[in-house]
Every structure is written in C-alpha cells, then in structure tokens.
Amino acid sequence: MNLSKIYPLFLIAHSLAAADPVRDFWFNGAEINRYELSQARYGTNHPGHVEFVFVTEPFLIDEQVKDESGSGRSTDVLKLNALRTFNTGIYSYRTMTSTFKPIDLDRFPHALKTNTSVQDWCGQVFQQINRRDEAWQGHLFSYFEDAGDQTFKLADAWLEDELWLLIRLDPSRLPRGEIEVVPGALHTRLTHQPNEVFRAVGELKTGSKLSTFTLRYPDHERTLTIGFDTEFPHIIRGWTDAGPHGTTTAHLQDRIMNSYYWSENQPEDRAKRRQLG
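Residues numbered from 1 in each chain as written. Predicted model: local features only at pLDDT ≥ 70, side-chain atom pairs only at ≥ 80, totals over all residues. Heavy atoms only, no water.

**Student:** Teacher, can you tell me more about the overall build of the protein here?
**Tutor:** Counting secondary structure elements, the protein contains five helices and 15 strands. Here the C-alpha radius of gyration of the protein, 19 Å, is about what a compact globule of 277 residues would show, namely 19 Å. Over its C-alpha atoms, taken along the principal directions, the protein stretches across nearly 50 × 45 × 45 Å. Counting the 277 residues in the protein, one finds 54% classified as buried. In the protein, the proportion of contacts linking residues at least 24 apart, taken out of those at least 6 apart, comes to 46%. In the protein, the 30 positive side-chain charges and the 37 negative ones have mean positions that sit 4 Å from each other. (Helix = DSSP H or I, 4+ residues; strand = E, 2+ residues; numbered from the N terminus. Rg over C-alpha atoms; globule rule 2.2 N^0.38 Å. Buried < 20%, exposed > 50% of the residue type's maximum accessible area, 1.4 Å probe, protein only. Contact = heavy atoms within 4.5 Å. Lys, Arg positive; Asp, Glu negative; His and termini not counted. Charge placed at Lys NZ, Arg CZ, Asp CG, Glu CD.)

**Student:** Is there a simple way to think about empty space enclosed by the protein in this case?
**Tutor:** Taking a probe equal in size to a water molecule and rolling it over the atoms shows the remaining empty space. Enumeration according to the criterion identifies three cavities of 30 Å³ or more in this entry. The calculated volume of the largest cavity comes to roughly 50 Å³. Around the largest cavity, the lining residues are Pro 183, His 187, Gln 193, Phe 198, Tyr 217, His 220 and Arg 222. Taken together, the residues of the lining of the largest cavity sort by class into three nonpolar, three polar and one charged. (1 Å grid on protein atoms, 1.4 Å probe; cavity = no way out; pocket = protein on both sides within 12 Å on 5 of 7 lines; lining within 4 Å. Points joined across faces, edges and corners; volume = space filled by probe spheres on them. Nonpolar A, V, L, I, M, F, W, Y, C, P; charged D, E, K, R; others polar.)

**Student:** Can you help me understand the packing of aromatic side chains in this one?
**Tutor:** To describe a pair of aromatic rings, one takes the distance between the centres and the angle between the planes. According to the stated counting rule, one finds 16 aromatic pairs in the structure shown. Note on Phe 52 and Phe 54: the rings are 6.1 Å apart at their centroids and 85 degrees apart in plane angle, and the pair reads as edge-to-face. For the pair Phe 52 and Phe 54, one class covers both residues: buried. What links up through ring pairs into an aromatic cluster is the set Phe 25, Trp 26, Tyr 35, Phe 52, Phe 54, Trp 164, Phe 232 and Trp 239. Stacked on the ring of Trp 136, the Lys or Arg Arg 131 has its end atom at 4.7 Å from the ring centre. Lying across the ring of Phe 54, Arg 168 places its NZ or CZ 4.8 Å from the centre. (Phe/Tyr/Trp six-rings, centres within 6.5 Å; stacked < 30°, edge-to-face > 60°. Lys NZ or Arg CZ within 6 Å of the ring centre and 35° of its normal.)

**Student:** Can you help me understand the pattern of salt bridges in this one?
**Tutor:** Any two side chains of opposite charge can pair, so long as their charged atoms come close to each other. Here the structure, examined in full by the defined rule, presents 18 salt bridges. As a salt-bridge pair, Glu 264 and Lys 272 come within 3.1 Å of each other at their nearest N and O atoms. Residue classification places Lys 272 among the partly exposed residues on the basis of a relative accessible area of 35%. Salt bridges linked by common partners bring Glu 31, Arg 168 and Arg 255 together as one network. (Salt bridge = Lys/Arg side-chain N within 4 Å of Asp/Glu carboxyl O.)

**Student:** Could you clarify how one ought to interpret unusual backbone geometry in this entry?
**Tutor:** Phe 232 connects to Pro 233 through a cis peptide bond whose omega is 15 degrees. By the element assignment, Pro 233 lies in the loop between β13 (222-229) and β14 (236-243). Of note, Gln 64 is a non-glycine position whose phi angle comes to about 60 degrees, a positive value. Looking at the element boundaries, Gln 64 is found in the loop between β2 (44-60) and β3 (74-88). For Gln 64, a relative accessible area of 2% gives the class buried. A positive phi angle, close to 60 degrees, is found at Glu 134, a residue other than glycine.

**Student:** Help me understand the side chain of Asp 161 in this model?
**Tutor:** Tracing the sequence through the fold places Asp 161 in helix α4 (residues 160-169). Side-chain polar atoms of Asp 161 contact the backbone nitrogen of Ala 185, separated by 3.0 Å. The residues contacting Asp 161, other than those within four sequence positions of it, are Thr 97, Thr 99, Thr 114, Gly 184 and Ala 185. (Polar contact = N/O pair within 3.5 Å; in protein donor to acceptor, adjacent residues only side chain to side chain.)

**Student:** Would you mind going over the nonpolar core with me for this structure?
**Tutor:** In globular proteins that are soluble, nonpolar side chains generally tend to be buried together. In terms of nonpolar packing, the biggest core is built from 44 residues, with Tyr 35, Phe 52, Phe 54, Trp 164, Leu 215, Ile 236 and Trp 239 touching the most fellow members. With six residues, the single largest contributor to this core is α4. When sequence neighbours within four positions are dropped, the list of residues in contact with Tyr 35 reads Gly 48, His 49, Val 50, Phe 52, Ile 236, Arg 237, Gly 238, Trp 239, Ala 250, His 251, Leu 252 and Gln 253. With ten residues, the next largest nonpolar core counts Val 125, Ile 129, Leu 140 and Phe 152 among its residues. (Core = buried A, V, L, I, M, F, W, Y, C linked by side-chain atoms within 4.5 Å.)

**Student:** I keep staring at the pairing of strand β6 (residues 123-132) and nothing clicks. Help me out?
**Tutor:** Here is the key point about a regular strand: its side chains alternate between the two faces of the sheet. Buried residues dominate β6, accounting for seven of its ten residues. Pairing of strand β5 (residues 113-120) with β6 involves eight bridges; the strand directions are antiparallel. Within β6, the residue paired with Ser 117 across the bridge is Phe 126. In sequence, β5 turns back onto β6 through a hairpin of two residues. Inspection of the sheet shows β6 paired to strand β7 (residues 135-142) by eight bridges, in the antiparallel sense. Across the sheet, the residue bridging to Gln 127 is Leu 140, located in β7. (Pairing = 2+ DSSP bridges.)

Pasting the structure below:
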C-alpha cells in the first residue's frame with residue numbers, strides 16, 4: 001500500500017516530528033477501542049456498545065474541515081469519532097460525536113470543532129460547535145419543537161467533549177477546580193437541555209497505574225468520571241456518568257492499534273471486526 005497517495009500530509013508530519021513521542025505514537029494509523037455500555041434511558045439501563053476511533057489528520061484552521069489539498073492554513077489534529085449504539089425496547093439509538101483537537105496545545109488550547117448526531121426511530125438531531133474568535137458558535141437542527149433549528153453563541157469555556165482528547169494528549173493540562181464548561185452534546189441532546197455554559201468542578205487524581213478525572217456539575221447533580229492509564233498513551237479504560245437521569249457506565253473490552261481502517265473496506269476485511277469482539 002502506498003500511503004503517500006492516501007495520506008501525504010500524514011506522512012510528512014510524521015517524518016518531521018518523529019522525535020516527539022506524542023506524534024510518534026499517534027501518526028501510525030488509527031486506534032480503535034470498543035467499550036461495553038450500560039446506557040441509562042427512560043428510567044432504566046440498556047446494554048450497548050461504544051467505539052472510540054482516534055486518528056490524526058491535517059485540519060484547515062479557518063474552514064475547519066479536513067485539509068485534503070494541502071493548500072490552506074492547517075494544523076494537525078487528533079480526531080475522536082465516538083460512536084454509541086444501544087436499544088431501548090423495540091427501537092434503537094445510533095449516535096456519533098466527532099471532535100477535532102489540535103496536537104499543538106500551546107498554540108491551540110481548545111478544540112476547533114465538534115459535531116454530534118443522534119438517530120432513533122423517532123427522528124434525528126444534528127449539532128455542530130465551532131471555535132470562533134476565542135468563543136463558540138453553534139448550529140442545532142432537531143425534529144423536537146422545543147429545540148427546532150437554531151444558531152447559538154457561547155462564551156469562552158471548556159467543552160466537555162474536548163476533554164476526552166486532552167486526556168489522551170496531556171492529562172496534566174486538564175482543568176481543575178471551579179471552571180466553566182459546555183456539557184457534552186450527547187448528554188444535552190438526550191436530556192433536551194439548552195446549550196449553555198455551566199459551572200463545574202474538575203478534579204484529577206493520579207495513581208501509580210490508573211488515574212481518574214472527575215467533572216462535577218453542582219447545579220445539575222451530575223458527575224462524569226473517566227478512568228485512564230496514568231502512563232502515556234493514557235488509554236481510557238472506562239467511565240461513569242451519573243445524574244438525575246440515571247447512571248451510564250462503559251468499560252473497555254477490545255483495542256486495535258495502527259489500523260488503516262479507511263482502506264480496509266472489502267468483504268475479506270470483515271473478519272477483522274472479530275478483533276473488536
């Protein structure tokens with residue numbers, strides 16, 4: 001396989017930064033993680049699964065899309081595609097959140113973009129938030145009357161959805177103490193909450209092997225706790241999301257490294273799914 005034809009900027013960036021352990025790890029294909037899920041919904045819990053796909057790509061800073069031409073102002077990002085699947089009784093949910101966080105955390109302390117889609121048998125919702133002028137600009141398209149189609153702006157704050165990537169890149173930079181946070185898009189969409197900046201408290205506990213980051217929203221009685229390896233590459237082992245709507249948990253089951261899944265798209269490649277259980 002000639003990867004330079006598929007991903008030329010990927011190889012260029014890797015060759016220029018081979019001495020950097022963070023880049024050296026992440027510029028070797030995608031990391032795919034599968035989690036066993038217990039999703040709180042409708043007053044009970046439902047089994048399901050989550051896939052976290054981490055992969056690097058060049059990203060246009062102004063247009064905030066993948067840099068495929070190599071002609072614009074771009075930066076390397078670590079992208080997380082977080083896919084969640086669960087059934088509630090007779091019908092199913094399929095959700096996906098994609099977040100794009102620059103690897104250069106000194107230059108870009110925040111993500112540049114995140115979008116979330118939710119599909120179930122009732123309909124679908126799509127939301128996108130972009131980093132603009134040291135703040136956030138968002139668009140929401142929903143079949144629910146109280147949400148409808150809207151454009152919104154949010155003041156400068158942390159995005160809950162970007163913190164998963166910060167854990168993988170450099171957990172020492174995780175925000176601690178009383179902070180302002182935009183809750184995760186999947187949480188707000190499933191609970192039909194408005195997009196707002198809320199007060200939260202971040203706490204990082206570092207253990208010899210396993211560390212945890214806890215994000216607590218005092219005004220909403222919700223606590224998100226993420227467990228991850230203390231040592232790089234800080235693999236996320238699982239999480240608990242507890243609040244008035246119930247407690248959702250997820251635990252890592254399987255993991256594949258150095259995958260070029262975008263080219264593994266033929267019938268003979270289906271067997272590789274067995275590696276993910």
